[in-house]
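Below are the chains, spelled out letter by letter.
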Amino acid sequence: QPLLERSKYIVIDETHMYEGVFGAHVALVLSRLMRLCAVCSVSREIDSSLQQHPLLMLPTFLACSATMSHPEHHFRLLCPISRDASVKVLK
């Protein structure tokens, strides 16, 4: 199986370093990576007569940083997740 199809986690270390223009570029790369994982996870054909949709197995983002004042806000800007997706901050 291809690597992107089997990916369960995307780990981003030292998240506080990804800000400004560099952070914007990293956010775009992560967005593209998420789209590629979504495309690769669709491993079976859709039977048009049954109107079934494949279950997308998208990876979970894990971000680590020891020096952030607003980690949830920064994480949402960096990672391609929806506004209603749950984010858990551990201290």
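Analysis parameters
Residues numbered from 1 in each chain as written. Predicted model: local features only at pLDDT ≥ 70, side-chain atom pairs only at ≥ 80, totals over all residues. Heavy atoms only, no water. Helix = DSSP H or I, 4+ residues; strand = E, 2+ residues; numbered from the N terminus. Expected span 1.5 Å × (residues − 1). Buried < 20%, exposed > 50% of the residue type's maximum accessible area, 1.4 Å probe, protein only. Arc of directions from axis to C-beta. Contact = heavy atoms within 4.5 Å. Salt bridge = Lys/Arg side-chain N within 4 Å of Asp/Glu carboxyl O.

**Describing helix H2 (residues 20-41)**
An α-helix turns once every 3.6 residues. As a result, residues three or four positions apart point the same way. For H2, built from 22 residues, the straight-helix expectation of 32 Å at 1.5 Å per residue is met to within 8% by its first-to-last C-alpha distance of 31 Å. Those residues of H2 that fall on the buried side of the exposure criterion are Gly23, Val26, Ala27, Leu30, Met34, Cys37, Ala38 and Ser41. Projected down its long axis, H2 shows its buried positions confined to an angular sector of 120°, all on one face. Exposed positions of H2 whose direction lies more than 90 degrees from the buried face are Val21, Leu28, Val29, Arg32, Arg35 and Val39. On its buried side, H2 packs onto helix H1 (3-6), strand E1 (9-12), strand E2 (60-63) and helix H3 (71-78).

**Notes on the pattern of salt bridges**
A complete count under the given rule lists 1 salt bridge for this structure. For Glu72, the salt bridge is made with Arg76, and the minimal N-O distance between the two is 3.3 Å. Separated by 4 residues within a single helix, Glu72 and Arg76 lie in helix H3, roughly one turn from each other. When its relative accessible area of 26% is taken as the criterion, Arg76 is described as partly exposed.

**Some points on the environment of Phe75**
Positionally, Phe75 belongs in helix H3. A relative accessible area of 11% places Phe75 in the buried class. Sequence-wise, Phe75 and Cys64 are 11 residues apart; in three dimensions their C-alpha atoms are separated by 9.6 Å. For Phe75, the residues in contact, after removing those within four places along its chain, are Phe61, Ala63, Ile81 and Val87.

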